[in-house]
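Structural description and commentary
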Amino acid sequence: MTAKTPALADFRRIVVKVGSSLLVDSAAGRIKEAWLASLAQDIAKLHKDKRDVIVVSSGAIALGRAVLKLPKGPLKLEDSQGAAAVGQIALARTWAEALGKHKITAGQVLVTLTDTEERRRYLNARNTIAKLLEWRSVPVINENDTVATNEIRYGDNDRLAARVAAMASADLLVLLSDVDGLYDAPPASSAKAKHIPLVPRITAAIEAMAGASGSELSRGGMVTKIEAGKIVTTAGAHMVIASGHVDHPLDAIAAGSRATWFLTPANPVTARKKWIAGSLEPKGTLTIDAGAAAALRRGKSLLPAGVVRVDGVFGRGDAVLIRGPDGAEIGRGLVAYDAEDAAKIIRKSSGDIALILGVEGRAEMVHRDDLVLGGA
Ligand code: GLU
């Protein structure tokens, strides 16, 4: 079977890494507000679709040095620490406002290398992120550059974002970058450079493409991106590198724009689906007709109209088995109605649910996000 490019809609928990140059207009010394607004709108859309979104945002040092009017060129450690202190305040406020326009609460999390590498602190950071997500907030994460030292720091947010994705059990890391993916030669200097849309596995040949020739500049820091890919795919998540030089960059990815996808060899079912498939004791059974069975296999939700029989005693949100017309198990899912209500609405159109039950309910008996087909 040849590997296929995944769709953005396949993922439940997405880490979006935003590079400094996308967010900060260094010459003007300010945030690129219009672009950020378009990204925030994309994030809000995913958030509304019940996706968990985590932002890893660079830009503290770039913004700070612009505000402080520091000279061009590499900064000494204490200068970049000071610049980050100035820039991070503005960065956090910017994100809070951009997401706030969509009624999303942002939560700032600043981490150091030790926070992600030492078990106890790792668990601590993980719990904070989990709590924010539970509250439907969007964590906005950066390295705590103000206290990071040369020896103990990430320095680049690609690898930081990868560690965050692993820590938060995300199923996708999106690296929004200067470049639209990986090329087999430096795109700036070779007209024949071929774009690689899909990397099923990070091999030595792939690593060589990131680092072999071409200046670091023309490669847009591809080495750290491949490093990030290794961390993330080992942790069971996919990664995509896409250009951030367009408005609505996440929408663009969803629409299939040019990007490089790195696949995890682990089964890409989401953590939630793994949980549904593996660790629940089904409380009941829904038997469905052939039309519904075919629809489920096409990735659709299970509607009441396709259910012919309800067995067992279950509450809303319980796990149920789903059986086909021949009685064979098709899959498992979390049911949106308790057994009593479910029995009343089977074979009925979703539009009639409110009339039958007297309350507005979900149109789906089992939503596709809460459904795992056999074999998963
Ligand atoms: N943490 C740095 C900052 O916010 C950015 C690191 C990077 O550009 O990857 O300025």
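All values reported here derive from a predicted model rather than from experimental measurement. (Residues numbered from 1 in each chain as written. Predicted model: local features only at pLDDT ≥ 70, side-chain atom pairs only at ≥ 80, totals over all residues. Heavy atoms only, no water.)

**With respect to the environment of Arg347**
Along the chain, Arg347 turns up in the loop between helix H14 (339-345) and helix H15 (353-357). Sequence separation of Arg347 and Leu303 is 44 residues, and the distance between their C-alpha atoms is 8.8 Å. Aside from chain neighbours lying at most four places away, what touches Arg347 is Pro304, Ala305, Val307 and Val308. (Helix = DSSP H or I, 4+ residues; strand = E, 2+ residues; numbered from the N terminus. Contact = heavy atoms within 4.5 Å.)

**Examining helix H2 (residues 33-48)**
Over its 16 residues, H2 runs 22 Å from end to end, which matches the ideal 22 Å to within 8%, given 1.5 Å per residue. Of all the positions in H2, only Trp35, Leu36, Ser38, Leu39, Ala40, Asp42, Ile43, Ala44, Leu46 and His47 are classed as buried. Count one or two residues on from H2 and you reach Lys50, which has phi positive near 70°. (Expected span 1.5 Å × (residues − 1). Buried < 20%, exposed > 50% of the residue type's maximum accessible area, 1.4 Å probe, protein only.)

**Brief notes about the pattern of salt bridges**
Enumeration according to the criterion identifies 16 salt bridges in this entry. A salt bridge links Asp156 to Arg159, with the nearest nitrogen and oxygen atoms 2.8 Å apart. Given a relative accessible area of 15%, Asp156 falls into the buried group. For Arg159, a relative accessible area of 26% translates into the label partly exposed. (Salt bridge = Lys/Arg side-chain N within 4 Å of Asp/Glu carboxyl O.)

**Brief notes about the site of the ligand**
Every residue lining the ligand is accounted for by Ser20, Ser58, Gly59, Ala60, Ile61, Asn142, Asp145, Gly155, Asp156 and Asn157. Here an oxygen atom of the ligand sits 2.8 Å away from a polar atom, N or O, in the main chain of Ile61. Among the residues making up the shell around the ligand, the classes are represented as 2 nonpolar, 6 polar and 2 charged. (Near = heavy atom within 4 Å. Polar contact = N/O pair within 3.5 Å; in protein donor to acceptor, adjacent residues only side chain to side chain. Nonpolar A, V, L, I, M, F, W, Y, C, P; charged D, E, K, R; others polar.)

**Digging into the environment of Gly155**
One can find Gly155 in the loop between strand E6 (138-143) and helix H7 (157-167). For Gly155, a relative accessible area of 48% puts it in the partly exposed group. It is 14 Å that separates the C-alpha atoms of Gly155 and Ala83, two residues lying 72 residues apart in sequence.

**Describing the confidence of the model for the protein chain**
Within the protein chain, residue pLDDT values average 88, and 92% of them lie at 70 or more. Confidence over residues 212-220 falls short of pLDDT 50; this stretch has 15 contacts with residues more than four positions distant or in other chains. (pLDDT = per-residue confidence, 0-100.)

**Some thoughts on the side chain of Thr287**
Structurally, Thr287 can be placed in strand E13 (residues 284-288). Those residues in contact with Thr287 that lie beyond four places of it in its chain are Gly306, Val307, Val308, Arg309, Asp311, Arg323 and Gly324.

**Observations concerning the nonpolar core**
Counting residues in hydrophobic clusters, the biggest one holds 41 residues, and the most contacted among them are Val18, Leu23, Trp95, Leu250, Ile253 and Trp261. Ranked by residues supplied to this core, first place goes to H2 with 7 residues. Ignoring any residue separated from it by four or fewer positions in sequence, one finds Trp95 in contact with Val18, Leu23, Leu36, Leu39, Ile43, Val55, Ser57, Gly100, Ala106 and Val140. (Core = buried A, V, L, I, M, F, W, Y, C linked by side-chain atoms within 4.5 Å.)

**Section: the sheet that holds strand E16 (residues 329-334)**
Within the open sheet, the 5 strands sit side by side as E14-E13-E15-E16-E17. Their pairing is mixed. Edge strands, defined here as strands with exactly one partner in the open sheet, are strand E14 (307-312) and strand E17 (371-373). When the angles between neighbouring strand axes are averaged without regard to direction, this sheet yields 20°. Sheet topology note: the E13/strand E15 (residues 319-323) ladder contains 4 bridges and is parallel. Within E15, the position partnered with Thr287 by the bridge is Arg323. (Pairing = 2+ DSSP bridges. Axes fitted to C-alpha atoms, helices over the stretch in contact; angles between N-to-C directions.)

**What to know about the packing of helix H3 (residues 60-67) against helix H4 (residues 77-100)**
For the pair H3 and H4, interaxial distance at closest approach is 6 Å and the crossing angle is 100°. Taken as axis vectors, H3 and H4 run roughly perpendicular relative to one another. Contacts from Ala60, Ile61, Leu63, Gly64, Arg65 and Val67 in H3 reach Ser80, Ala83, Ala84, Val86, Gly87, Gln88, Ala90 and Leu91 in H4. (Parallel < 35°, antiparallel > 145°, perpendicular 65-115°, else oblique.)

**Quick notes on helix H8 (residues 204-211)**
Taken together, the buried positions of H8 are Ile206, Met209 and Ala210. Down the axis of H8, the sector holding all buried residues measures 100°, keeping them to one side. (Arc of directions from axis to C-beta.)

**Considerations on the sheet that holds strand E12 (residues 259-262)**
Strand order in this open sheet of 8 strands is E5-E6-E4-E1-E7-E11-E12-E10, and the pairing throughout is mixed. Each edge of the open sheet carries a strand with a single partner, namely strand E5 (106-111) and strand E10 (198-199). As paired elements, strand E4 (residues 52-57) and E6 share 2 bridges and run parallel to each other. For Val56, the partnering residue across the bridge sits in E6 and is Ile141. Along the sheet face, H2 touches strand E1 (13-18), E4, E6 and strand E7 (172-177) and points at about 155° away from the line of E4.

**Remarks on the packing of H7 against helix H10 (residues 222-234)**
Packing of H7 against H10 leaves a shortest axis separation of 8 Å and a crossing angle of 10°. Accordingly, the angle class assigned to the pair H7 and H10 is roughly parallel. Contacts between H7 and H10 involve Asp158, Arg159, Ala162, Arg163 and Ala165 on the former and, on the latter, Thr224, Lys225, Glu227, Ala228, Ile231 and Val232. Residue composition of the contact of H7 with H10, grouped by class: 5 nonpolar, 1 polar and 5 charged.

**Some points on the pairing of E1**
Summarising burial for E1: 5 of the 6 residues are buried, a large majority. As paired strands, E1 and E4 are joined by 6 bridges and run parallel to one another. Residue pairing in the sheet places Val15 in a bridge with Ile54 of E4. Of the pairings in the sheet, the one linking E1 to E7 comprises 5 bridges and is parallel in character. Residue pairing for E7: Ile14 is matched across the bridge by Leu172.

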